[in-house]
Amino acid sequence: MATLTINNAGKKYGSVEVLNDISMELNDGELVVLLGSSGCGKSTLLNMIAGLESISSGDIRIDGEIVNDIHPKNRDIAMVFQSYALYPNMTVAKNISFGLEMRGVEKEKRDELVNSVAKMLQIDHLLNRKPAQLSGGQRQRVAMGRALVRRPKIFLFDEPLSNLDAKLRVEMRHEIKKLHTSLKATMVYVTHDQIEAMTLADRIAILKGGVVQQFATPAEIYSRPANMFVAGFVGSPSMNFLPVTVAQQGNEIGVHLAVQYQGKSENQFVPMRNNDKLSQLLGREVILGIRPEMITQLENAEKDLATLHCDVEVVEPTGADTLCIIKLAGKDSIARVSPIHACAPGESMGFALDISRACLFDPVTEELIS
Amino acid sequence: MANRDRLPGTDGKGRYIGRFLIYLTLAVFAIWYLAPLYVVVSTSFKDLAEIRGGALLSLPHEFNVSAWHKAWSQACIGVECTGLKPYFINSISMSVPAVLISTFLGSITGYALTKYRFRGANIIFSLMLFGCFIPFQVVILPMAQTLGMLGIANTVNGLILVHVVYGLGFTTLFFRNYYVSIPDDLVKAATIDGAGFFRIYWRIMLPLSPPIIVVTIIWQFTQIWNDFLFGASFTTGGAQPLTVALNNLINTTTGVKHYNIDMAAALIAAAPTLFVYIVAGRYFVRGLTAGSVKG
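Residues numbered from 1 in each chain as written. Chains lettered and ligands numbered in written order. Predicted model: local features only at pLDDT ≥ 70, side-chain atom pairs only at ≥ 80, totals over all residues. Heavy atoms only, no water.

Novice: Explain the overall build of chain A here, please?
Specialist: Along the backbone of chain A there are nine helices and 20 strands. By its C-alpha atoms, chain A is 80 × 45 × 35 Å across when sized along the principal axes. Taking all 370 residues of chain A together, the buried fraction comes to 51%. At a minimum sequence separation of 6, the contacts of chain A that also span at least 24 residues come to 67%. Working note: accessible area of chain A is about 16,400 Å², and carbon and sulfur atoms make up 47% of it. (Helix = DSSP H or I, 4+ residues; strand = E, 2+ residues; numbered from the N terminus. Buried < 20%, exposed > 50% of the residue type's maximum accessible area, 1.4 Å probe, protein only. Contact = heavy atoms within 4.5 Å. Areas by Shrake-Rupley, 256 points an atom, 1.4 Å probe, with all protein chains shown as cover.)

Novice: Could you clarify how one ought to interpret the interface of chain B and chain A in this entry?
Specialist: In many reports, interface size means the accessible area that the parts give up when they come together. In this complex, chain B contributes 15 residues to the contact, which on the side of chain A involves 25 residues. When residues of chain B are sorted by the area they lose upon contact with chain A, Ile-192, Asp-193 and Arg-203 of chain B head the list and together hold 41% of the total. In this structure, the salt-bridge partner of Arg-150 of chain A is Asp-193 of chain B, at a minimum N-O distance of 3.0 Å. Along the contact surface separating chain B from chain A lie eight residue pairs in polar contact (both at pLDDT 80 or more). Elements represented by at least two residues in the side of chain B that touches chain A include exactly helix 8 (184-193) and helix 9 (197-205) of chain B. The dominant element in the side of chain B that touches chain A, judged by the number of residues it contributes, is helix 8 of chain B, at eight residues. Class assignment of the residues belonging to the side of chain B that touches chain A gives a composition of eight nonpolar, two polar and five charged. (Buried area = accessible area lost by both parts, 1.4 Å probe. Salt bridge = Lys/Arg side-chain N within 4 Å of Asp/Glu carboxyl O. Polar contact = N/O pair within 3.5 Å; in protein donor to acceptor, adjacent residues only side chain to side chain. Nonpolar A, V, L, I, M, F, W, Y, C, P; charged D, E, K, R; others polar.)

Novice: How should I be thinking about the nonpolar core in this particular structure?
Specialist: Soluble globular proteins tend to bury their nonpolar side chains together. By size, the foremost hydrophobic cluster in this structure holds 54 residues, and its most contacted members are Leu-34 and Leu-156 of chain A together with Ile-204 of chain B. When sequence neighbours within four positions are dropped, the list of residues in contact with Leu-156 of chain A reads Leu-46, Ile-49, Ala-50, Ile-77, Ala-78, Met-79, Val-80 and Val-188 of chain A. With 46 residues, the next largest nonpolar core counts Val-92, Ile-96, Leu-161 and Leu-164 of chain A among its residues. (Core = buried A, V, L, I, M, F, W, Y, C linked by side-chain atoms within 4.5 Å.)

Novice: I tried to follow the domain arrangement of chain B on my own but got confused; where do I start?
Specialist: Residue and element names in this part refer to chain B. Per the domain assignment, the segments making up chain B are domain 1 (2-74) and domain 2 (85-290). Just the C-alpha atoms count here: the centres of domain 1 and domain 2 sit 33 Å apart. In this assembly, 14 residues from domain 1 lie in contact with 13 residues from domain 2. Carbon and sulfur atoms supply 84% of the area buried between domain 1 and domain 2, which totals about 1,300 Å² over both sides. Linking domain 1 with domain 2 are two residue pairs in polar contact (both at pLDDT 80 or more). For the side of domain 1 that touches domain 2, the secondary structure elements donating two or more residues are helix 1 (12-44), helix 2 (48-52) and helix 3 (66-73). For the side of domain 1 that touches domain 2, the element with the most residues is helix 3, which contributes five residues. (Domains from an automatic or database assignment.)

Novice: Explain the packing of aromatic side chains here, please?
Specialist: Given two aromatic rings, their pairing is described by the distance between the two centres and the angle made by the two planes. Residues and elements named next belong to chain B. If you walk through the whole model with that rule in mind, you get 26 aromatic pairs over all chains. Where Phe-88 meets Trp-225, the ring centres are 5.4 Å apart and the plane angle is 75 degrees; that geometry is what we call edge-to-face. Residue Phe-88 is located in helix 4 (residues 85-115), and its partner Trp-225 is located in helix 10 (residues 210-226); the two are separated by 137 residues in the primary sequence. Judged by relative accessible area, Trp-225 falls into the buried class, the value being 1%. An aromatic cluster is present here, built from Phe-104, Tyr-111, Tyr-116, Phe-197, Phe-198, Tyr-201 and Trp-202 joined pairwise through their rings. Stacked on the ring of Phe-125, the Lys or Arg Arg-176 has its end atom at 4.3 Å from the ring centre. (Phe/Tyr/Trp six-rings, centres within 6.5 Å; stacked < 30°, edge-to-face > 60°. Lys NZ or Arg CZ within 6 Å of the ring centre and 35° of its normal.)

Laid out in structure tokens, this is it:
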């Protein structure tokens, strides 16, 4: 049970800056996911928290105490690795108890702790096996057991599910979530999978090029992404970005959208709400970010939504929903419709646009405007 | 499908002729290489009269081990007629510690070079690698001076030091390349678990090392046991290793040349390395290729 504070932390290898001025604060019992594509520095940050990499600037505190120069073993943390990093020469029981043994815990106490953790993770029948005799999922459990048995202040997970197959990954994701709920431990979890991040996290920190792009709850990151990178990274299929100009029609402010309808390009005006903010943007070019589920079939849609008719180029059924690819503002955009209402490719159909939830981005800085 | 679609030589007469030529060539080469061994072994069991008869390739008339006996305990080496026995013991008491120490040091150096990538680790490794390519002859003079200064010239301990120092480059190379294939995450996990440099070495790295230990021991034992130059350069008389004694035995002649004793002595000198190969040989190839495949 602990808090973790990162103050202006940076990491340099020679003159190459890998992490730049990272600051975040984790409350007691919070699960924070570091999300980013490979090479963004998320694993480096995790290693810095663990003490496996030195901190070039700034400081990292656990429970308020600066740990920059404290050896990993004295930081009271545990880490689960992507490769599991089980000791191949030891049995499962020895693997789990190794950390306790190094800390001088007595044999009887060790056995007791190992047994209780093994039971919790349902690996108690595997205790005498070697890691090579285990399946991927079992190895993952042992790796988690090794972390759990010491009851550390902070748990660190380095892409723990990346080596598992899709089905097992979902199962283990649930396990980790349950574990976090029952332990109420502070956890830092690194992943490049945005679904893992969204489902597990209390808060997500999205990194790109060694800089935190946004540090917020999953809901906020999804609905109000700080910039186009975040908006495009989170959500699947990803957000549609449409270059548009803010315009006025009558006393309504909105955007003009070029729509492909029956082979011809039509310009359609889509009114937007909260006119006050938008009035300052009149005439400016902006990027309209709209998620696929905000473009749905006209049928059963709420009355006050903007409507469009356009040609559907490609239809991709995914089971629960069908994705229609349509041309909006000259860009291929994805609409998510119910399979019953989806038309055949090449035909045209009506869509409802929930523009009130859409985001506007600055085309130059790519930052969120409103 | 027509025959012309098949690979050439897989069908018809051509195939048998081809096979025959291949096996004939192999047999000729096998005989070519095995003939000297055969001559050495058979001569060692002959008595002198039979050798003088001149039938070099014939089998011994009767199985006679007296030449082995003489080579071991009676043959004259220089003026001392002690046989090879004391020198055999010299060689054992030189090779065993030298092999074990150089293997252990190579292992711990390889571990430090791969898992604790300190500043300059690569330079140190390159320099050690460079040490593998320095010819023996280059180090003889400085090494003689060093041994003199340390007061261990003309002793078995001096030879142990020489072989440990000279072998370190090779053993480090072996262990370093093996440890590179062991994931760094293991060391990270153990560090977080609270184990230090030596604990990780004893509890994790060393238990994973048997294949490469076997390779290194075979390599080092063969090198050290068979070494002649260092033994001849740094020792005289009673401290000499077996290889030097063998040379002296063969060069010490009083009238008649005892080929049977020479041959038996040569076989005695070669026996330990053969023994090590037979016992540990099957690990050798396995260990040499380990690391190329993760496992």
